[in-house]
Each structure stands twice: as structure tokens, then as C-alpha cells.
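Each chain, letter by letter, is given below.
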Amino acid sequence: MESYALLFASMLNAGTVLAIASLGLLINEKAGVVNLGAEGLLLCSAIAGFAVVVHTGSDWIGFLAGMGAGAVLAAIFGVLVIWLNTNQYATGLALALFGAGFSAFVGAGYVQAKLPERPHFSIPVLGDIPLIGPALFRQHPLVYVTIALAFGLIWFLYRTRAGLVLRSVGESPDSAHALGYPVRRIRLAAVVAGGALCGMSGAYISLVYTPLWVEGMVAGKGWIALALTTFATWRPARVLLGAYLFGGVTMLQFYLQSRGVEMPSQFLAMTPYLATVVVLALISRNPAWIRINMPASLGKPFYPGS
């Protein structure tokens, strides 16, 4: 039973990486912007957070640095696609390639660097409960923040006027513009907020999930986060559920190896990506379901006065 508790704890840890990034991308897409540069954002934020913690010793300053790096890169992307009307898909891919190269260049001197001693988090009393304690109550605080963030985003999108405006910009930017809302500024704010969350996710990877820096360590998680927004049909609660589902699939390979299951390591390593392809293929069988939930202006440029 203890091994199951550790598997569940690992699932929450791995799922948090995907959940934070996916929620950020969901904010972007609710405003009608697709950012295919998530992989690059995560990589640059991971090295930014890691480098800052190596020099300052403060995890929280590292997380702020990661969020700042993600927000700055997202702002550049936002200016290009929102004000200059560059192609969102091509610009996002360029950002992903830039992030991979830039993070490798900057991180070359940090490959052998070590983080300072880390505290072990545990909620008093609850963390000592057999089985449940190690699984649920000995997680990094950002695990709980992520869950609260998902429910806070539900409240924001569907219970506040600002959330309604954001969704209207994604559904019908021309109508929102006719009502006097600054569509471009709202989209840019959404892109920057989403980039900051991707930055938090990137910093979480290098500071908590695998506390080290290795070139390319994000290993496709940005692409999985992009797929998760579609898998969840742009709903925050489903994003959270899907992230932990994919986190469980990721950790399952290590659990099976520890139990002595004889399977090729290459096959186990590809299971998260295989699951992503299978889920997207299943969802694509019902295009009407995607069309109903997808923001109507997703990926389309906005021309004021057109």
C-alpha cells in the first residue's frame, strides 16, 4: 500500500507541471490566441528559475524569476501576433525553437550546478496520517496553489464580468470592439498572464520536479500542455483532471520498473506521448464537440474596424 501512496504523490507532482502550464495556455486560448511556443517558455523559465536559486538560495525568488521570464517572452510573442498580426502558429513555433536554443546557451554553465539544501514540506498532523499523509499532505505548496488556481479560474471565467469580457474577446472580438472593449490590450494581458503561469511551471520543473538543469529537460511537456487544453475542451476543471491523469501515466513507467516489470525502457518512456496521441485521436472523432467548446476566434488575427 505504501508504494501506491508514493505513486499517487508522484502523480500529483508530475501533474502539477502540466496543470500550471495548461491553465496558462487556457487563458491565452480563451482570449483567442494560440501560443505554440509553450515548450520554449518552459525551457527559458526553467533555466531562469534554476540560475537565480543557485545564486540567491531562495526558491521563491527563483519562481518569480521564472514567471518573469515567461511573461517577458509571452509579451514579445503577444506584440508580434496581436499588434503586428504575424501568424500565430509560425510565431509560436519560432518561440519554441528560440527557447530551446537560448536555454541551452545560457544553461551551459549550470549543468553541474547544485541547488542549496531544500526543505521537506509537510502539513502538520495531516502529513503523519498513514498512507494518506505521504500521498496528499507532503507536497510542495505549489501543488495546493495549482488546485486553488484552477477553481479560482473557474470562478473568474464564469462568475465575473472581467471573465465574461475575456471570453467575449475570444468568441467575437468584433462585437467586443463594437462595445468599446480594447480587444488587443485584453488579449495581450491574457497572453502575458498565460506566459507567467508557463514560467511558473518551467521553474517548478527545475526546482521541484527534477531539481537540476539539463539541456532539453522539459522533454515535450509544453506540447503535452497544449494538447491538454484541447483534451479538456477549454475547461479548467477538466484541465486539472487531465493533467493528473497524464502525470499518472508519466509516473507509471517508473512504478512498473520498480516492481520488476520486464518491458523495454523505450516503450515505457514513450507512454505519456502515446497517451496524448490516443486521447487527441479519440476527441477528434467528434468534431462537433470541439467546435462547440472552442473559442470561435481561436488563432485568428483581429483587425479593428474591419
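Predicted, not measured: the structure shown is a model, and the values here were computed from it.

Chemist: I would appreciate a short explanation of the overall build of the chain in the present structure.
Modeler: Counting secondary structure elements, the chain contains 13 helices and zero strands. Counting helices and strands in the order they occur from the N terminus, the chain gives α-α-α-α-α-α-α-α-α-α-α-α-α. The globule rule puts the C-alpha radius of gyration for 306 residues at 19 Å, and the 20 Å found for the chain is close to it. Along the first, second and third principal axes, the C-alpha set of the chain runs to 60 × 45 × 40 Å. For the chain, buried positions account for 50% of its 306 residues. A separation of at least 24 residues holds for 79% of the contacts in the chain among residues at least 6 apart in sequence. Roughly 14300 Å² of accessible area belongs to the chain as shown, and the carbon and sulfur atoms make up 70% of that amount. One finds the centroid of the 17 positive side-chain charges in the chain at a distance of 14 Å from the centroid of its 10 negative side-chain charges.

Chemist: Can you help me understand unusual backbone geometry in this one?
Modeler: For residues besides glycine, phi is generally negative; the peptide bonds are generally trans as well. Of note, the phi angle at N85 is positive, near 55°, even though the residue is not glycine. On the secondary structure map, N85 appears in the loop between α3 (59–83) and α4 (88–107). The phi dihedral of A219 falls on the positive side, at around 55°, and the residue is not glycine.

Chemist: I'm lost on the nonpolar core in this one. Help?
Modeler: It is characteristic of soluble globular proteins that their nonpolar side chains tend to be buried jointly. One finds L166, Y204, Y209, W213 and F246 to be the most contacted residues of the largest nonpolar core, which totals 77 residues. In this view, Y209 contacts N13, A14, V17, Y204, K221, T250 and M251; residues no more than four positions away in its chain are not counted.

Chemist: Would you mind going over the packing of aromatic side chains with me for this structure?
Modeler: What describes a pair of aromatic rings is the distance from one ring centre to the other and the angle between the planes of the rings. Per the stated rule, a full pass over the model turns up three aromatic pairs. Both rings, one in W60 and one in F63, keep their centres 5.6 Å apart while their planes meet at 35°; by these two values the pair is tilted. With W60 and F63 both in helix α3, this residue pair falls three residues apart, about one helical turn. A residue is classified by how much of its surface remains accessible, and W60, at 46% relative accessible area, is partly exposed. Residue classification places F63 among the buried residues on the basis of a relative accessible area of 4%.

Chemist: Explain the packing of helix α2 (residues 38–56) against α4 to me, please; I cannot follow it from the model alone.
Modeler: To characterise two packed helices, one gives the angle between the axes of the helices and the distance between these axes. As a packed pair, α2 and α4 sit with axes 7 Å apart at the nearest point and diverge in direction by 20°. By the angle between their axes, α2 is roughly parallel relative to α4. Between α2 and α4 the crossing geometry is left-handed. Along its contact with α2, which presents G40, L41, L43, C44 and I47, the element α4 presents L95, A96, G99, A100, F102, S103, V106 and G107. Of the residues assigned to the contact of α2 with α4, the class counts are nine nonpolar, four polar and no charged.

Chemist: Just to check I follow, could you spell out the packing of α3 against helix α9 (residues 183–209) for this structure?
Modeler: Between α3 and α9, the least distance of the axes is 6 Å, while the angle of their chain directions is 145°. Viewed along their axes, α3 and α9 form a crossing whose handedness is right-handed. Across the contact of α3 with α9, the residue classes break down as 18 nonpolar, six polar and four charged.

Chemist: When you look at the environment of L240 in this model, what are you seeing that I'm missing?
Modeler: If you trace the backbone, L240 turns up in helix α11 (residues 236–258). Residue classification places L240 among the buried residues on the basis of a relative accessible area of 9%. For the pair L240 and L18, spaced 222 residues apart in the sequence, the C-alpha separation amounts to 8.5 Å.

Chemist: Is there a simple way to explain a nonpolar patch on the surface in this structure?
Modeler: Side chains of F8, L126, I129, L131, I132 and L136 sit close together on the surface and give an oily, nonpolar patch of about 440 Å² of accessible area. Tracing the chain through its elements places L136 in helix α5 (residues 132–136). Under the relative-accessibility criterion, L136 is labelled partly exposed at 31%.

Chemist: How should α3 be read in this particular structure?
Modeler: Every α-helix carries 3.6 residues per turn, so stepping three or four residues along brings you back to the same face. Between the first and last C-alpha of α3 there are 35 Å, a value that for 25 residues agrees with the 36 Å anticipated at 1.5 Å per step. Phi turns positive one or two residues past the end of α3, at N85, with a value near 55°.

Criteria and thresholds
Residues numbered from 1 in each chain as written. Predicted model: local features only at pLDDT ≥ 70, side-chain atom pairs only at ≥ 80, totals over all residues. Heavy atoms only, no water. Helix = DSSP H or I, 4+ residues; strand = E, 2+ residues; numbered from the N terminus. Rg over C-alpha atoms; globule rule 2.2 N^0.38 Å. Buried < 20%, exposed > 50% of the residue type's maximum accessible area, 1.4 Å probe, protein only. Contact = heavy atoms within 4.5 Å. Areas by Shrake-Rupley, 256 points an atom, 1.4 Å probe, with all protein chains shown as cover. Lys, Arg positive; Asp, Glu negative; His and termini not counted. Charge placed at Lys NZ, Arg CZ, Asp CG, Glu CD. Core = buried A, V, L, I, M, F, W, Y, C linked by side-chain atoms within 4.5 Å. Phe/Tyr/Trp six-rings, centres within 6.5 Å; stacked < 30°, edge-to-face > 60°. Axes fitted to C-alpha atoms, helices over the stretch in contact; angles between N-to-C directions. Parallel < 35°, antiparallel > 145°, perpendicular 65-115°, else oblique. Left-handed = near helix turned anticlockwise from the far one by under 90°. Nonpolar A, V, L, I, M, F, W, Y, C, P; charged D, E, K, R; others polar. Patch = residues over 30% accessible without salt bridge, like charges linked within 9 Å, V, L, I, M, F, W, Y side chains within 5 Å. Salt bridge = Lys/Arg side-chain N within 4 Å of Asp/Glu carboxyl O. Expected span 1.5 Å × (residues − 1).

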